[in-house]
Amino acid sequence: MVERLFSSATALIFCVLGTFVFSKHPESPSNRTFAVTCFWVAVWISSNFWQSEPIPSRWAAFLLHLDFASAALAVSAFLLFSLNFPTPIFRTAVVVRGGLLIPTLGLVILSFSDFIVRDIGKYQSGVQLQFKQGPLFGAYAAYTILYLLGTYLILYLRWRASQGIDRNRIAYVFFGITSATVIAALVNLFISQQFLLPTAVSRVGVYGGLLLAGSVAIAIVRHQLMDIEVIIRRTVVFAGLAGSVVAVVSLVAFVTQDLLGQFTGISRVWSNIFAAM
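Counting restarts for each chain, with residues numbered from 1 along the sequence as it is written. Reporting of local features is limited, given that this is a predicted model, to residues whose pLDDT is at least 70; pairs of side-chain atoms are given and counted only at 80 or more, and all residues count toward the totals for whole chains, interfaces and linings. Water and hydrogen atoms were dropped before computing side-chain values, which therefore reflect all heavy atoms in the structure.

Digging into the pattern of salt bridges
For step 1, the next point in the chain: Each salt bridge in this description consists of a side-chain nitrogen of Lys or Arg and a carboxyl oxygen of Asp or Glu lying within 4 Å of one another. Taken as a whole and judged by the stated rule, the model has five salt bridges.
For step 2, the next point in the chain: Between Glu53 and Arg4 there is a salt bridge, with its nearest N and O atoms 2.8 Å apart. With Glu53 in the loop between α2 (29-50) and α3 (57-84) and Arg4 in helix α1 (residues 2-24), the pair connects residues that are 49 residues apart, well separated along the chain.
For step 3, the next point in the chain: Accessible area is worked out with a 1.4 Å probe on protein chains only. A residue is then buried under 20% of its type maximum, exposed over 50%, and partly exposed in between. Given a relative accessible area of 21%, Arg4 falls into the partly exposed group.
For step 4, the next point in the chain: Here Arg169 ties to Asp166 by a salt bridge, and the two come within 3.3 Å at their closest N and O atoms. Of this pair, Arg169 and Asp166 both sit in helix α6 (residues 164-194), three residues apart, roughly one helical turn.
For step 5, the next point in the chain: Accessibility expressed as a relative area gives 11% for Arg169, which makes it buried.
For step 6, the next point in the chain: The exposure class assigned to Asp166 is partly exposed, which follows from its relative accessible area of 29%.
For step 7, the next point in the chain: By sharing partners, the salt bridges in this structure join Glu3, Arg4, Glu53 and Arg203 into a single network. Counting from the N terminus, the helices are DSSP H or I runs at least four residues long and the strands are E runs at least two residues long.

Thoughts on the packing of α2 against α3
For step 1, the next point in the chain: Angles here are taken between N-to-C directions and fall from 0 to 180 degrees, while the axes themselves are lines fitted to C-alpha atoms, restricted in helices to the stretch in contact. For the pair α2 and α3, the least separation of the axes is 8 Å and the interaxial angle reads 160°. One way to sum up the angle between α2 and α3 is to call them roughly antiparallel. Considering how the two elements wind past one another, α2 and α3 form a crossing that is left-handed.
For step 2, the next point in the chain: Class assignment of the residues belonging to the contact of α2 with α3 gives a composition of 17 nonpolar, seven polar and one charged. Orientation labels follow simple angle bins: below 35 degrees gives roughly parallel, above 145 gives roughly antiparallel, 65 to 115 gives roughly perpendicular, and whatever is left gives oblique. The sense of a crossing depends on the near helix, which, turned anticlockwise from the far helix by less than a right angle, makes the crossing left-handed and, turned clockwise, makes it right-handed. Throughout this entry, Asp, Glu, Lys and Arg are counted as charged residues, while Ala, Val, Leu, Ile, Met, Phe, Trp, Tyr, Cys and Pro are counted as nonpolar. The remaining residues, Gly among them, count as polar.

Thoughts on the state of the cysteines
What is meant by a disulfide is a covalent connection between two cysteines, made through their sulfur atoms.
For step 1, the next point in the chain: We call a pair of cysteine sulfur atoms a disulfide when they lie within 2.5 Å. Following the criterion strictly, the structure yields zero disulfides and no others.
For step 2, the next point in the chain: For Cys15, which is in no disulfide, the shortest distance to another cysteine sulfur is to Cys38 and amounts to 8.4 Å.
For step 3, the next point in the chain: For Cys15, a relative accessible area of 34% gives the class partly exposed.
For step 4, the next point in the chain: Residue Cys38 is classed as buried on the basis of its relative accessible area of 1%.

A few points about a nonpolar patch on the surface
For step 1, the next point in the chain: On the surface, Ile145, Leu149, Val182, Leu186, Phe190, Ile191 and Phe195 cluster together into a nonpolar patch covering about 610 Å² of accessible area.
For step 2, the next point in the chain: Every element with two or more residues in the nonpolar patch is listed here: α5 (137-161) and α6.
For step 3, the next point in the chain: Counting residues per element, the nonpolar patch draws most heavily on α6, which supplies four residues.
For step 4, the next point in the chain: Position of Phe195 among the secondary structure elements: in the loop between α6 and α7 (199-202). Patch building starts from residues that exceed 30% relative accessible area and form no salt bridge, then joins like charges within 9 Å and nonpolar side chains (Val, Leu, Ile, Met, Phe, Trp, Tyr) within 5 Å. In this description, accessible areas are obtained by the Shrake-Rupley approach with a 1.4 Å probe, and a residue is regarded as covered only by the protein chains that are shown.

Below, the structure is given as structure tokens:
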């Protein structure tokens, strides 16, 4: 129950953060690409978490494919964001985006076939969803590493060339992206392929996304990241209200689930459904 709430809150944080950044300056390329990045990160977090939950096998398999597809899109969005933050590097942005997105779209399509992952197993309590590598899994891993290294290099070079407030902004973004993506890539692409990990360990990469969200939030408040000015008092009040609503809803759902399970004798799955309603 706690893990479900935590993962849902993590995905929601990225949705809210992306929407907030986009709404402030929708005309800015860096704001737009960051919002797209947040969306695909949220999709990846949700699919990565729920694929190892007790759900029908066909849905678990679909979520695993969506996991790989959304990760490919998120990695590409990170690279596009680095090319546009704090200002666009190339004037021929359409050509650059097209060149970067062609391999991305190819891998997204292949993610829903057996070329990336195959022989997906069934739910096993307490361990991650099992699968075998497809013939193009190595190409997928190489794509991920190449795009992430490109993102790191561009942000680092921009940090080296910048001064003043822009240097501080880039530093926060660089730390958030590198820490979150390195953890996620290590756990999901490499460690999980060598060992049978408990679900709690396999989801470390998911929760690592909070490092990115936290770094961006701090940079917005302290250094007006992406030219966003935040009124602290209103932000704190909104966060407090949102947290209170989440806490109340979670408490009601938790109590309802337990009562339904104890006094009606229905299964945990049905009690979860009724509690959510």
